[in-house]
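Understanding the architecture of this molecule
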Amino acid sequence: MSTTRPFSPGDRGPEPSGASGVSEGDVPATGGSDEGAPAAGGRPDGGAVPPLRPEAAEASVQAAAGRQVRRLDFGDQSGVVPLARDFARQALYAWGWLPAATADQRAAAEDVLLVVSELVTNACLHAEGPDELWIACDNKVIRIEVSDKGTGQPAPRTPHRAGRPGGHGMFIVQRLCLDWGVMRTPGVAGKTVWAELGAPA
């Protein structure tokens, strides 16, 4: 997998303006729901990835018919990191990534779970906790979005020192993902940190 730089806000096209969606309800998940809207931003290969937040691109919903999206609202939940991992694991089972038939498929699913853990942990440590987790899947890419009320800008610690405690989360995200970045909505507190991972061959 490639290591890419995070794109600054605005580089990725229009930013989302909200977090609601219309539930399809085809594969219900505990603590979350499937959403009928697809994901935001673009891909390094030049393909357009429609937004997860439906207000940002209503017309792209029809263009992404093969995309499945799930949303988890953390509310006042405790234990959000294991909750997020369990939610993501259920989605991977529903979408056929698990149980894995090969070592590559198993590694890809574990990478998704690790990135979910790192993004949610980062929101807990630096942004007073996550608000929502969105996870979307098509045939080629899984996209993860974690929104929070934080004002900071996540970045891998540079230089990365493997032997020191802390500061590894965004480095791990950068190493495992095809791409990642931060989206902000003007006039709205907080941000959404997103990451995309490739499906196994």
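Within the chain one finds four helices and six strands. Secondary structure of the chain in N-to-C order comes out as β-α-β-α-α-β-β-α-β-β. The buried share among the 201 residues of the chain stands at 46%. Pairs at least 24 residues apart make up 64% of the contacts formed inside the chain by residues separated by at least 6 positions. Counting only carbon and sulfur atoms, one obtains 53% of the accessible surface of the chain, whose full area is about 9600 Å².

Formed by 36 residues in total, the largest nonpolar core has its most connected members in Val115, Leu119, Leu133, Ile135, Ile142 and Ile144. Those elements that provide at least two residues to this core are helix 2 (80-94), helix 3 (103-126), strand 3 (130-137), strand 4 (141-148), helix 4 (169-176), strand 5 (179-183) and strand 6 (191-198). For this core, the element with the highest residue contribution is helix 3, accounting for nine residues.

A word on the pairing of strand 3. Among the eight residues of strand 3, seven are classified as buried, and the element is accordingly described as predominantly covered. One ladder, built from six bridges, connects strand 2 (residues 68-73) with strand 3; its direction is antiparallel. The residue bridging arginine 71 from the neighbouring strand is tryptophan 134, located in strand 3. Note that strand 3 and strand 4 share seven bridges and pair antiparallel.

Here the focus is the side chain of glutamate 118. Tracing the backbone through its elements, the reader meets glutamate 118 in helix 3. Buried within the structure, glutamate 118 lacks any salt-bridge partner; its nearest side chain of opposite charge belongs to arginine 85, at an N-O separation of 7.7 Å. Each residue touching glutamate 118, except ones within four places of it in the same chain, is listed here: Gly169, Ile172 and Val173.

On to the confidence of the model for the chain, then. Of the residues in the chain, 61% reach a pLDDT of 70 or more, and the chain-wide mean stands at 73. The weakest mean pLDDT in the chain belongs to helix 1 (residues 60-63) at 38; the strongest belongs to helix 2 at 97. Residue range residues 1-31 is modelled with pLDDT below 50. Its contacts to residues more than four positions away, or to other chains, number 79 contacts.

On the secondary structure map, alanine 108 appears in helix 3. For alanine 108 and glycine 198, which are 90 residues apart along the polypeptide, the C-alpha to C-alpha distance reads 7.8 Å. If we ignore the near neighbours within four places in the chain, the residues touching alanine 108 are Trp97 and Pro200.

Cut-off values and rules
Residues numbered from 1 in each chain as written. Predicted model: local features only at pLDDT ≥ 70, side-chain atom pairs only at ≥ 80, totals over all residues. Heavy atoms only, no water. Helix = DSSP H or I, 4+ residues; strand = E, 2+ residues; numbered from the N terminus. Buried < 20%, exposed > 50% of the residue type's maximum accessible area, 1.4 Å probe, protein only. Contact = heavy atoms within 4.5 Å. Areas by Shrake-Rupley, 256 points an atom, 1.4 Å probe, with all protein chains shown as cover. Core = buried A, V, L, I, M, F, W, Y, C linked by side-chain atoms within 4.5 Å. Pairing = 2+ DSSP bridges. Lys, Arg positive; Asp, Glu negative; His and termini not counted. Salt bridge = Lys/Arg side-chain N within 4 Å of Asp/Glu carboxyl O. pLDDT = per-residue confidence, 0-100.

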